[in-house]
Amino acid sequence: MTTIQAPRSGKIAPKYNRSGSSRGNFEMIAWLFMRLSGVVLVVLIFGHLFVNLLVGEGIHAIDFGFVAGKWADPFWQFWDLAMLWLAMLHGTNGVRTIINDYAEKDSTRFWLKGVLYAATFVIVILGTLVIFTFDPCPVVDGVQLPGGFCPAP
């Protein structure tokens, strides 16, 4: 009696493991985060687009003064901060998943995710600093920089 064998690709098929490990729990939380953050991001982004493009003079009113006036209100600072953080974390989680799916070597996966996390950290920190330290009327060496929206000294 002869047996028929499937062609071999040289790779060992991974076994499906259904253990309750902490990694599996992390992946479930990451999956849930993607769904929930996606819903919240839709609300934040459409609210952002509505206020910036449809209310008032629309796209023609968007300039430095518009942003300065918007960020003078803590509500819009936190709105934009939430949008920045959620978008970055949502995107980072998506790219992390892609790296896990396509990077075959552990070392490649390690370095790609290291670069991803470093870039995410830098962008989130810089974006947060810009939102909360933004000064629409900066003074340099005792001289106020020109701008029609700043009160006269």
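Described in the following lines is the structure provided in the data block. As the structure is a prediction and not an experimental result, all values here were calculated from the model. Residue positions are counted from 1 within each chain, in the order its sequence is given. Where local features are concerned, this predicted model is filtered to residues with pLDDT of at least 70; where side-chain atom pairs are given and counted, the filter is 80 or more; whole-chain, interface and lining totals use all residues. Only hydrogens and water are removed before side-chain values are computed, so all heavy atoms of the structure are retained for them.

1. Comments concerning the packing of aromatic side chains
- Pairing of aromatic side chains requires ring centres within 6.5 Å, counting the rings of Phe and Tyr and the six-membered ring of Trp. Pairs whose planes differ by under 30 degrees are stacked, by over 60 edge-to-face, and all others tilted. Tallied over the entire structure, the rule returns seven aromatic pairs.
- Plain terms: the ring middles of F75 and W79 are 5.7 Å apart, the flat faces sit at 45 degrees to each other, and that makes the pair tilted. Separated by four residues within a single helix, F75 and W79 lie in helix α3 (residues 74–102), roughly one turn from each other.
- We call a residue buried when its accessible area falls under 20% of the maximum for its residue type, exposed when it is over 50%, and partly exposed in between, using a 1.4 Å probe and counting protein chains only. The exposure class assigned to F75 is partly exposed, which follows from its relative accessible area of 46%.
- With a relative accessible area of 18%, W79 lands in the buried category. Only DSSP runs of H or I reaching four residues or more are called helices, and only runs of E reaching two or more are called strands; each is numbered from the N terminus.

2. Some thoughts on the pattern of salt bridges
- For salt bridges, the criterion is a side-chain nitrogen of Lys or Arg within 4 Å of an Asp or Glu carboxyl oxygen. A complete count under the given rule lists two salt bridges for this structure.
- Close ionic contact of R96 with E27 constitutes a salt bridge, the shortest N to O distance being 3.0 Å. One end of the pair, R96, is in helix α3; the other, E27, is in helix α1 (residues 22–54), with 69 residues separating them in the sequence.
- Residue R96 is classed as buried on the basis of its relative accessible area of 5%.
- Residue classification places E27 among the partly exposed positions, given a relative accessible area of 28%.
- A salt bridge links D106 to R109; its shortest N-O distance comes to 2.3 Å. Taken together, the positions of D106 and R109, both in helix α4 (residues 106–133) and three residues apart, correspond to about one turn of that helix.
- Residue class for R109 comes out buried when judged on its relative accessible area of 18%.

3. A look at α4
- Here a helix's expected span is defined as the number of its residues, less one, multiplied by 1.5 Å. In a regular helix each residue adds 1.5 Å, so 28 residues correspond to 40 Å; α4 covers 40 Å between its end C-alpha atoms and thus fits that length.
- Where α4 is concerned, the buried positions are R109, K113, L116, T120, V124, G127, T128 and I131.

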